[in-house]
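Here's the letter readout for the chains.
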2 protein chains.
Amino acid sequence: MGGLGTWIPVRGQFRVWGGPYVQERRGKAWSTLSTLPSFLPALCLGSALPPSQPGSLALSCSLHCLLGAVTPTHSLQVSPLPGAASKAPMEGEPTLRLRIFDLNCWAIRYLSKRRQERVRLIGDTLRREGFDLVLLQEVWSEQDYNDLKVKLAGCYPFSHYFRSGVIGSGLCVFSRFPILDTLLYQYSLNGYPYMLQHGDWFGGKSVGLVIMKISGIIFNVYITHLHAEYCRDKDAYLPHRLVQAWELAQFIRHTSKAADMVLLGGDLNMHPEDVGIRLLRGCTGLRDAFAEATHFEGCKNGCTLVPDNCFTDKSELLPFPLGIRIDYILYKAISSFTVKCEELKTTMGPAPGMDIPFSDHEAVMATLHIQRRGQPAGATLGTADLALADVVTEARMEVGVGLRAAQRQRYFSGRMAVLALLLLLLQAVAALGTLAGLGAEQPFPKLSFCLLAFLALGVLVLSTALHLFHTMEVKMLHGTEDQMWMALRALQEHPSEG
Amino acid sequence: MGGLGTWIPVRGQFRVWGGPYVQERRGKAWSTLSTLPSFLPALCLGSALPPSQPGSLALSCSLHCLLGAVTPTHSLQVSPLPGAASKAPMEGEPTLRLRIFDLNCWAIRYLSKRRQERVRLIGDTLRREGFDLVLLQEVWSEQDYNDLKVKLAGCYPFSHYFRSGVIGSGLCVFSRFPILDTLLYQYSLNGYPYMLQHGDWFGGKSVGLVIMKISGIIFNVYITHLHAEYCRDKDAYLPHRLVQAWELAQFIRHTSKAADMVLLGGDLNMHPEDVGIRLLRGCTGLRDAFAEATHFEGCKNGCTLVPDNCFTDKSELLPFPLGIRIDYILYKAISSFTVKCEELKTTMGPAPGMDIPFSDHEAVMATLHIQRRGQPAGATLGTADLALADVVTEARMEVGVGLRAAQRQRYFSGRMAVLALLLLLLQAVAALGTLAGLGAEQPFPKLSFCLLAFLALGVLVLSTALHLFHTMEVKMLHGTEDQMWMALRALQEHPSEG
């Protein structure tokens, strides 16, 4: 095994930090697939793959044997499709089965009800079920993450916690397979620091990227949590969420060029028909596991925020008696692969055998079947251009609304700062006049004067800070609007060339 | 030309907005190279390449003919090397010659001396010289960018301005070749908002990515400007600059996987031997145009901040009588290409025929020769592992120093906030006591009381804001330290397997 490395134990888990991926030549042979750091030798993933769990995941034959790979024999998440003869597009091709768990854990320290109990419950379930990949959001406390890491070390030896913002991103990933590399992208807009009651700003909402290689297939796994929607009728955060959806799509597009499979899991805080979801899916080509699943089991319409859950705010769900679907697993295969969602499940309120659910959200569990196809695919998305142009137009309009609101707020805060400054100057003149003996016949109202001065100073500081914040907001909204405009022009002038 | 598109005029310039790159199979044939948006058809760059300027750039033969490409015949920046018979590594292989201009323009509105005159001068020179690619930093005013865009529309029909922060990123790119796609990554740390006299925080320092395809070769061009160094002996911003260098390296690694050529230009605010530069180059494999240039012409040691420049602060350069080199053009070829820097030039103070220089920085101009090689290269960087481990250790130590400083500041600001809150509470108790008639025998000092209350409130607000800011700083420094630790472990355990 010339040039093959071994896995490195890093703080109780196995990790390899990667460098630039060596350009792959998939047209030649599978054996040349290798994700190499610029300064690291070729790494053989097979040599340290965690042992499969025969009880939970079927094991039959090694993908690499059939694909002519030179990686050594190892336990592999490979199984023939159940009933492959009728279902598999290419009979005899081996299938990689991947079980994914996604949950917004609602684990906010001091605020979330029965947090520690629920985190323990989540850990127990994950350990018992033995998924391949676990994507968790709202794990705001690093202690909770560390507790989970210790508990899950046996079955999910690889994990990553993404740090950002004041509180953290809340995002973490647990995996049965080695994590090769990670990257965090913090969204440029994420609510307002002064909206303390909503608090999204303090979370530093981001998208985390985790790169894995499972039996020779490069997975780019993205995990994210977008800004919450507090009032659907008058959603002041819609422009920010749209900027986030746009940046998420851009980030996925630019970082997934060497991937074979793209997975995105998380709480997108958007209903399936919302413009942000359509924008994200249209720009990236990601497919919705719920919409594509062969078998579905769970809450009606795949809802993940349901009135039956004892932790949800019932008044928020009044217009939606069945609940809403805002947690997603999206995916696509690039290059020589096809992917199918064979099964999608959601939890339904209380955890099995318990009186409480895992979280105020329902968990989403998908089983994906990934298969190599004979011919690499070309660009097949061109036909949806016109529909996407409509989506981008709609999104751009909403961003434009946000831009004008931000411009108004910038103007008002700027004007307020100028007024406060003028008041301070006037007071300074008055004080100097008094000191110089002018108007000495009248007593100087020291108390009111001081109160006013402090008030003016406070207003000046706050409105200047607001002005700066809204200036940044205007810049980012403007930049996104421009980018969308460029995309739109490109789409409109090439509607049918795909 | 089945499936070939045309270029789209966008706001007076030509732009195409791209989607995810279709996986390339370079092992097969050149003709399959295509950068495709997910919803756009294959685009033929050749069909709208700007006409070459025979006066400034040699034109001899089309690269695509020799490489068996199917792109149509077009004018191309292709020339045989001067004296190719002796210099070219593979005689007869055509060479793409690319002339790059990089300058920190020092164009801060109201602050920079003779700004408008210098921007005009830069525009005139760029128009006259006809570079292929122009990378400008510190173009803080969007008006200056727009003026340049109008002036340069003829010779650089493609351009992009990156928006971020309060003032902007200051980064812009002008190109003779179409820009396919762009992405901006804002660094997570960038100085302190309260350091008004330095002001880096307000610029929203970022790295901008511009993707181009020149005669079938995919170029990922990065432009950046890192945090300034105000005091080399006691550089409080070193940890922030190192986090930026690290994030820059990570961003380049993750987004350049589908590129054939990587170029980075900008003001890195680091001397060539500084740990940040070594970190960046070690992690990305980028090569320094100055160090590798066959011919050099310009300021001694390639300095770009020199005492001879009438705009530089002479006292800052006292320890460096020759000046310092902080502006760079770095590059590397991936996949089947080799790149050589044939010539590097810097300006030397006053612009030709003028009494003033372009900026307080000298411009860097590189001529790169890119050639296809017979065999794709493997990973050749493994041997430098040990040296890189030392660099990462050094960088991590500096980040650790910054982390402890940030933790101290977070602690002090937090304690100050708590004290201010206690004072306010005490005052509230005293006021309530007075209202209730206790201690009524003594006159209540209203003025001092109000002054004190406002002071406490001001301290509370400011120290809370500081506490939040330093909490974020701690999070990002901690995250970077962790990432570096992972990288280090991987390097130390694989020192010689390359």
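So, here's what we can say about the structure. No experiment lies behind these values; they were computed from the predicted model shown. (Residues numbered from 1 in each chain as written. Chains lettered and ligands numbered in written order. Predicted model: local features only at pLDDT ≥ 70, side-chain atom pairs only at ≥ 80, totals over all residues. Heavy atoms only, no water.)

Observations concerning the pairing of strand E6 (residues 172–175) of chain B
Taken residue by residue, a regular strand's side chains alternate between the two faces of the sheet. Residue and element names in this part refer to chain B. The two faces of E6 match: Cys172 and Phe174 on one face and Val173 and Ser175 on the other face are all buried. With four bridges connecting them, strand E4 (residues 133–139) and E6 associate as antiparallel partners. Bridge pairing in E6 places Leu136 opposite Cys172. Inspection of the sheet shows strand E5 (residues 158–161) paired to E6 by four bridges, in the antiparallel sense. Bridged to Phe158 within E6 is Ser175. (Buried < 20%, exposed > 50% of the residue type's maximum accessible area, 1.4 Å probe, protein only. Helix = DSSP H or I, 4+ residues; strand = E, 2+ residues; numbered from the N terminus. Pairing = 2+ DSSP bridges.)

Examining the packing of helix H6 (residues 238–255) of chain B against helix H9 (residues 385–435) of chain B
Residues and elements named next belong to chain B. The interhelical angle for the contact between H6 and H9, taken along N-to-C directions, is 130 degrees, at an axis separation of 8 Å. By the angle between their axes, H6 is oblique relative to H9. Along this stretch, H6 crosses H9, giving a crossing that reads as left-handed. Of H9, the residues touching H6 (which contributes Leu238, Pro239 and Leu242) are Ala395, Glu398, Val399 and Gly402. (Axes fitted to C-alpha atoms, helices over the stretch in contact; angles between N-to-C directions. Parallel < 35°, antiparallel > 145°, perpendicular 65-115°, else oblique. Left-handed = near helix turned anticlockwise from the far one by under 90°. Contact = heavy atoms within 4.5 Å.)

Concerning the pattern of salt bridges
Per the counting criterion, the structure on display carries 36 salt bridges over all chains. Of the charged contacts, one joins A:Glu229 and A:Arg232 as a salt bridge, the two residues approaching to 2.9 Å between their closest N and O atoms. With relative accessibility at 31%, the residue A:Arg232 sits in the partly exposed group. Here B:Lys205 and B:Asp200 are joined by a salt bridge, their closest N and O atoms 2.7 Å apart. On the basis of relative accessible area, B:Asp200 is assigned to the buried category, the value being 5%. (Salt bridge = Lys/Arg side-chain N within 4 Å of Asp/Glu carboxyl O.)

What to know about the packing of helix H3 (residues 115–129) of chain B against helix H4 (residues 142–152) of chain B
All names here are of chain B. Close contact between H3 and H4 brings their axes to 10 Å; oriented N to C, the two are set at 30 degrees. As far as their axial angle goes, H4 and H3 are roughly parallel. The way H3 lies across H4 gives a crossing that is right-handed. Between H3 and H4, the contacting residues are Arg115, Val119, Arg120, Gly123, Asp124, Leu126 and Arg127 on the first element and Asp144, Leu148, Lys151 and Leu152 on the second. Residue composition of the contact of H3 with H4, by class: four nonpolar, one polar and six charged. (Nonpolar A, V, L, I, M, F, W, Y, C, P; charged D, E, K, R; others polar.)

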